[in-house]
Amino acid sequence: MPRRRFLITAALPYSNGRLHVGHIAGAYVPADIYVRYLRATGADVRFICGSDDNGVAALKTAREQNRAVEELTAHYNASQQRDFAGLGIEFDIFGGTHQPEYVDIHERFSQDFFLKIHEKGLFTKRTAEQLYDLEAKQFLPDRFVRGTCPHCANDQAFGDQCEECGRSMDQTGLIHPVSMLSGTTPELRKTIHWYLRLDRLQSRLSSWLAGKKDARACGAVWRPTVLNQSLGRIESEGLPERAMTRDLTWGVPVPLDDPDAKGKSLYVWFDAPIGYVSFTAALCKQQGEGADGYAHWWKDPDCKVVHFIGEDNIVFHAITWPAMMLATHDSDSLQGKLGEYQLPHNVVANSFLNIKFPGKEEEKISKSRGSAIWIEDYLKSFDPDPLRYYLTAVAPEAARTAFDLDDFIARNNGELLNALGNFFNRTMTFVHNYFDGKVPPAGQRDEQDGRQLERRIQARDRAGEELEACHFKAALGEVMALARAGNAYFDATKPFLSRKNDMAACGRAVNVCFQTARTLTALIAPFLPFTADRCAGMLNLGEGYRNWASAADELPEGHRLGPTQLLIKKLDPKEVFGS
RNA sequence: GGCGGCGUAGCUCAGCUGGUUAGAGCGUGGGCUUCAUAAUCCCGAGGUCGCAGGUUCGAGUCCUGCCGCCGCUACCA
């Protein structure tokens, strides 16, 4: 069987802030689990991420903090890399759309992409009216304008949306607009932009998406929320043309030899997903695979591209980005031929994560209200795996869920430690104390032993199925069920009694427990990589222990264990929250 | 307004294309055990599956209406 190939991306975080638990739960932990799992099955995988540096978001923050946007984005790019590394989220490359090492290659890919679509005639050049700040000498992005909301008379409405009544609008609809740059009243001016003809791609997009409803036909299990939201959008509103350029100098310059393109950049949402491609190209270059190495991943039907994102990115990744790729195709096939950009195999989106502090109401994660738990802070006090565990166990796969600090501690102590950690610990100490640190003989196994051994295979298979379908919560549940079954088996066979009068029976049971622990080590590896490494050390397993296919293979009697250590720390609520 | 989602045991959630007494974990009540970070294991209690209709031999599962919460509506994962 040829080796499966995957190109996995995780949403590019804006490089204008630190990462908090919500970011991690949305796209990054699931993506990392998936990548680790795929690798354990022998697949050839590249895992791509990087910061989204362009666009107004970074510019706005830089302005507020009075620092250069280059410095700001470099700072947060580095900070995010540290956070990811600390959590064991291991990208093959973490680029940045405007970081010094990547900006050239990213601009080239983005501009080529734009030119290709331009060449295909899928842009319309059109004039629109926008607010212009005479003093700052620039057009104003929506978020840089405030004024009175035409719906509810709130005088602090932004150009794109009124936070008071929640309605969205066009910035030209604001009454008494004021520029946040200079405080002056901007004037309405004509400006020219290039609009992507989504309307002409609509029918191909909806056929492509409709094909994703049938998991067997498309080979991937798309989450209903992703499909419903995307298809619902197309059916209800249709796809209008969308401007893919902006009046902005921070970003990728519009690559047209046209006076009207002067001083304009590509829309940040246009260049951001191309970052997935340009970072792949940068990675290929680093690995000596040549400048066109990226095509092996992006333009080959044998490679599956999977995007992990948060719910706010669904429409963009399931509609606009595929539309961009379709717009570069020569043919009108849905998936793309060899040599053309391949539409995503799957788009995996989680909902948002709310947060709940002890004694308070559940609320949205908000930087300004201080309700975020920063990864940087978390890692100062805790190990990464309990967070990975918790965020997977309560992952917002179908609907919003909440990060509840009490629940985090309860699950760490009650599930990770009491079920999983305890099973390892009792098995290990038993082998060390009564069998001289060597795996005892399997002996004459009975039905009960056979059932427990069979459970390991079942757990491996079931967890594998769930992981293939990106059902991470369910997959973790299967793994934890095996740990519980291990504890139940231990109690049922009672080696602590038989050791006094029947060492053969005792050894038989301990052998099965050991084999179970060995399987668990492989099965937890995608979820809890640090813990799995410690388990592998305790069991004295080789590097290949993560291999999924051999996860339930037995180790021979006489196998010598490594030193035992405690796997999971017990968390005391008093210490965690301060007394 | 349009589109989409959610509403199932005290809590957090599973329930695929409708089919035997509605499940798991935690919590709670009771019990066994001592190898283990007083962890484990066994047994039990606890649900009119938001409300009201409808389709069906049969609905948590499909349809309609309603109530409540939430998201998106293109520069906050």
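The structure under discussion appears in the preceding block.
Residues numbered from 1 in each chain as written. Chains lettered and ligands numbered in written order. Predicted model: local features only at pLDDT ≥ 70, side-chain atom pairs only at ≥ 80, totals over all residues. Heavy atoms only, no water.

### Topic: the overall build of chain A
What counts here: Each helix is a run of DSSP H or I of at least 4 residues and each strand a run of E of at least 2, with the numbering of both proceeding from the N terminus. Atoms counted for the radius of gyration: C-alpha only. Globule rule: 2.2 Å times the number of residues to the power 0.38. Buried means the residue's accessible area, taken with a 1.4 Å probe over protein chains only, is under 20% of the maximum for its type, while exposed means over 50%, and partly exposed covers the values in between. To be clear on the numbers: accessible area is Shrake-Rupley with a 1.4 Å probe, and residue cover counts the displayed protein chains and nothing else. Positive: Lys, Arg. Negative: Asp, Glu. His and the chain ends are not part of the count. Think of each charge as sitting on NZ of Lys, CZ of Arg, CG of Asp or CD of Glu.
Of regular secondary structure, chain A possesses 19 helices and 17 strands. For 579 residues, the compact-globule estimate of 2.2 N^0.38 gives 25 Å, and chain A sits close to it at 27 Å. In terms of overall dimensions, chain A has C-alpha extents of about 95 × 60 × 40 Å along its principal axes. Looking at chain A as a whole, 56% of its 579 residues are labelled buried. Split by element, the accessible area of chain A, about 24,300 Å² in all, is 48% carbon and sulfur. Averaged over its 68 positive side-chain charges, chain A has a centre that lies 3 Å from the centre of its 75 negative ones.

### Comments concerning the protein's contact with RNA strand B
The test is simple: The nearness test applies per residue and asks whether one of its heavy atoms lies within 4 Å of the molecule or strand. N or O atoms within 3.5 Å of each other form a polar contact, as long as, within protein, one can give a hydrogen and the other can take it, and as long as residues adjacent in sequence are counted only when both atoms are side-chain atoms.
Close to RNA strand B lie 51 residues, the nearest being Gly22, Tyr267, Asp312, Lys364 and Asp491. A share of 67% of the atoms of RNA strand B within 4 Å of the protein falls on sugar and phosphate groups. Asn422 is positioned such that a nitrogen or oxygen atom in its side chain is 3.0 Å from a base nitrogen of RNA strand B. Listed by contribution, the elements that provide at least two residues to the surface near RNA strand B are helix H1 (21–40), helix H7 (224–237), helix H13 (405–434), helix H15 (472–493) and helix H16 (495–498).

### Section: the sheet that holds strand S6 (residues 145–148)
What counts here: At least two bridges found by DSSP between two strands are what make those strands a pair.
Ordered in space as S7-S6-S8, the three strands form an open sheet in which the pairing is antiparallel. Looking at which strands have only one partner, the edges of the open sheet turn out to be strand S7 (157–158) and strand S8 (175–179). As defined by bridge partners, S6 adjoins S7 across two bridges and the pair is classed as antiparallel. Paired with Arg146 across the bridge in S7 is Phe158.

### Some points on helix H5 (residues 198–211)
In an α-helix, one turn spans 3.6 residues; hence positions three or four apart end up facing the same way. Applicable threshold: Given a helix with a known number of residues, its expected span is that number minus one, times 1.5 Å. A residue's bend is simply the angle between two axes: one fitted to the seven residues ending at it, one to the seven starting at it. By definition in these notes, contact holds between two residues if any of their heavy atoms fall within 4.5 Å.
A rise of 1.5 Å per residue sets the reference length of H5, with its 14 residues, at 20 Å; its end C-alpha atoms lie 19 Å apart and thus fit the reference within 8%. For H5, the principal kink sits at Arg204 and spans about 30°. Taken residue by residue, H5 has Leu198, Leu201, Arg204, Leu205, Trp208 and Leu209 as its buried positions. Tucked inside the fold, the buried residues of H5 contact strand S9 (187–196), H7, strand S10 (242–243) and helix H10 (314–327).

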